[in-house]
Amino acid sequence: MLSIKKDCIAFITLSMSMIATMSNASTIVQRAPHEIVENAPSDAWRTVESENIIKFELATGAVYIELNTQLAPVHVLNMKKLVREQFYDGLNIYRFVEGFVAQGGDQKGTKRLKFAEKSLPAEFYLTSQARLPITSLRMIDGYAPVTGFLNGFAVAQSADGKHTWQTHCTGVFAMARENDVDSGGTEFYITLAPTRYLDRNISVFGRVLDGMEHVYRLMRNPAVGQAFNLITKARVLSDIQSEDTSKFRVFNTEHIEFNALIEARKSRPETWFIERPNYADVCSISVPIEKITGG
C-alpha cells in the first residue's frame, strides 16, 4: 500500500508540473531545435572517452557504440574484455528481426573465452541510496514513473529515483539472455526501433553513436556463397588510435540548453507546425551526436 501511495503522489506531482509547464509554454519564446543545437556553447557538449567506445567493423562500414559505464559497469567491463581478446572477430550478427533487433555473437556457443565471462549477473537497473538526479522530461510515461536523460543516455526511474535504467530506444546496445536472468554475457543486440516493453527485463549498457545505417543494411537472411553479416573485427577505440582517430561529442543532457531542446521538441515553435501537443516521450528526443574527427 505504501508503494502505491508513493506512486500516486509522484503521479499527482508530475501532473501538476505538466500543467505548470503547459501554462508557461505560451509565454516563453522558444527556439527551434536546430537553432539550439547550432548555437550551443562549447560546455553544452561533452567528448566521449575513446576507452568507452567499441568499434564493430561490418561489411558496409563501422558501427561505434558508447558504453554506459554508470548504469551497467559489470557488462561494460566484460564487453571490453571480450573485445580485447578478439572474441567477436569472425563471428556474425546472426539474427535480424525487422523492426525489432539485430543480434550478434557466438550463435553456436562453441568459441572459447580467455579472460571474459560467459554469463553475468543481471544489471537491469542501478540501485542508489538516494534519488539519482536526472534531466526529467516531466511527462507521464506508460512504462515508468519518471523518464529523462543521464549522461547522454535515455533513462527511466522508479518514483523514488533509487532505481534507474537505460530505456530501449532505437539503437540501444544490450545483452541477450535465456530465461535465467543471469545467463547473458556474450550475445549482444542492437534495437532497430523503440522496444520499451523490454525495459528492466534485459541489461542495457550502451547505444550506437555512429553507423546505425550499417545495422539497417545487414542481410535479413543467409545467401548462398556469402558470409552472413560477418563481424570483421571489434576493437576498443582507445586501443586503435594509430589507425582510427575518430572522436565524438554528445550534447550534455545536464546542461540548461538541453532543457531548452526538450521544450522545443515538446512543442515545435517553427511556423510550419499547426499542432503543438506540448508532449514528448523519452525515445522521441534524440540526443545530438557529432563525429568531430577521424574515421
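Residues numbered from 1 in each chain as written. Predicted model: local features only at pLDDT ≥ 70, side-chain atom pairs only at ≥ 80, totals over all residues. Heavy atoms only, no water.

### Some words on the overall build of the chain
When its secondary structure is counted, the chain shows five helices and 16 strands. Expressed as a percentage of the 295 residues in the chain, the buried residues total 49%. Partitioning the contacts of the chain with sequence separation of at least 6, the portion at a separation of at least 24 is 73%. (Helix = DSSP H or I, 4+ residues; strand = E, 2+ residues; numbered from the N terminus. Buried < 20%, exposed > 50% of the residue type's maximum accessible area, 1.4 Å probe, protein only. Contact = heavy atoms within 4.5 Å.)

### Digging into the packing of aromatic side chains
By the definition in use, this model includes twelve aromatic pairs. For the ring pair Tyr 64 and Phe 248, a centre distance of 5.1 Å and an interplane angle of 55° mean the geometry is tilted. Here Tyr 64 is found in strand β3 (residues 61–67), whereas its partner Phe 248 is found in strand β15 (residues 247–251), with 184 residues between them in sequence. No difference in accessibility class separates Tyr 64 from Phe 248, as the two residues are buried. A centroid spacing of 5.0 Å and a plane angle of 80° characterise the contact between Trp 272 and Phe 273, whose relative ring orientation is edge-to-face. A relative accessible area of 69% means that Trp 272 is categorised as exposed. Put simply, the rings of Phe 56, Phe 87, Tyr 88, Phe 173, Phe 188 and Phe 205 pair up and form one aromatic cluster. Taking NZ or CZ as reference, Lys 111 lies 5.6 Å from the ring centre of Phe 87, over its face. Looking at Arg 249, its charged tip hangs above the ring of Trp 45, at a distance of 4.1 Å from the centre. (Phe/Tyr/Trp six-rings, centres within 6.5 Å; stacked < 30°, edge-to-face > 60°. Lys NZ or Arg CZ within 6 Å of the ring centre and 35° of its normal.)

### What to know about the pairing of β15
Of the strand pairs in this sheet, strand β1 (residues 45–47) and β15 are connected by three bridges, and their pairing is antiparallel. Counted as the bridge partner of Thr 47 is Arg 249 from β15. Summarising the sheet, β15 and strand β16 (residues 289–293) pair through four bridges and their orientation is antiparallel. Paired with Val 250 across the bridge in β16 is Ile 289. (Pairing = 2+ DSSP bridges.)

### So, the sheet that holds strand β2 (residues 53–58)
Strand pairing in a sheet relies on backbone hydrogen bonds, with the paired strands running either antiparallel or parallel. Spatially, the eight strands line up as an open sheet ordered β4-β5-β12-β11-β13-β3-β2-β14, and their pairing is antiparallel. Strand pairing shows two members of the sheet lacking a second neighbour, β4 (92–97) and β14 (233–236), which therefore form its edges. Within the sheet, the average angular offset between the axes of one strand and its neighbour, ignoring direction, is 25°. Here β3 runs beside strand β13 (residues 203–210); their pairing, made up of four bridges, is antiparallel. When the sheet's bridge partners are listed, Tyr 64 is paired in β13 with Asp 210. (Axes fitted to C-alpha atoms, helices over the stretch in contact; angles between N-to-C directions.)

### Side note on the pairing of strand β9 (residues 153–157)
Burial analysis of β9 places five of its five residues in the buried class, which makes it a mostly covered element. On β9, burial covers both faces: Phe 153, Val 155 and Gln 157 on one face and Ala 154 and Ala 156 on the other are all buried. Between strand β8 (residues 146–150) and β9, which pair antiparallel in sequence order, lie two residues; one of them, Asn 151, sits at a positive phi of approximately 55°. Pairing of β9 with strand β10 (residues 163–166) involves three bridges; the strand directions are antiparallel. By the bridge assignment, Gln 157 is partnered in β10 with Thr 164. Where β9 folds back on β10, the antiparallel hairpin that results is connected by five residues, among which Gly 161 adopts a positive phi of roughly 75°.

### Some details on the state of the cysteines
Throughout the structure, instances matching the rule amount to one disulfide. The disulfide that involves Cys 169 links it to Cys 283, with 2.1 Å between the sulfurs. Between Cys 169 and Cys 283 the disulfide shows an S-S torsion of about -85°. By sign, it is left-handed. With a gap of 114 residues between them, Cys 169 in the loop between β10 and β11 (172–175) and Cys 283 in the loop between α5 (256–266) and β16 connect regions that are remote in the sequence. (Disulfide = S-S within 2.5 Å.)

### A closer look at the nonpolar core
Core analysis: the largest hydrophobic core is formed by 31 residues, its most contacted members being Phe 56, Ile 65, Met 79, Tyr 88 and Phe 173. For this core, the element with the most residues is helix α3 (residues 73–84), which contributes four residues. In this view, Phe 56 contacts Gly 61, Ala 62, Val 63, Ile 65, Tyr 88, Phe 173, Phe 188, Ile 231, Lys 233 and Ala 234; residues no more than four positions away in its chain are not counted. (Core = buried A, V, L, I, M, F, W, Y, C linked by side-chain atoms within 4.5 Å.)

### As for the environment of Gln 157
Take Gln 157: it is sitting in strand β9. Judged by its relative accessible area of 1%, Gln 157 falls in the buried class. Linking Gln 157 and Thr 147, residues ten residues apart in sequence, is a C-alpha distance of 6.2 Å. Contacts of Gln 157, omitting those with residues within four sequence positions, involve Arg 131, Leu 132, Ile 134, Ala 144, Pro 145, Val 146, His 163, Thr 164 and Trp 165. A distance of 2.7 Å separates a polar atom in the side chain of Gln 157 from the backbone oxygen of Leu 132. (Polar contact = N/O pair within 3.5 Å; in protein donor to acceptor, adjacent residues only side chain to side chain.)

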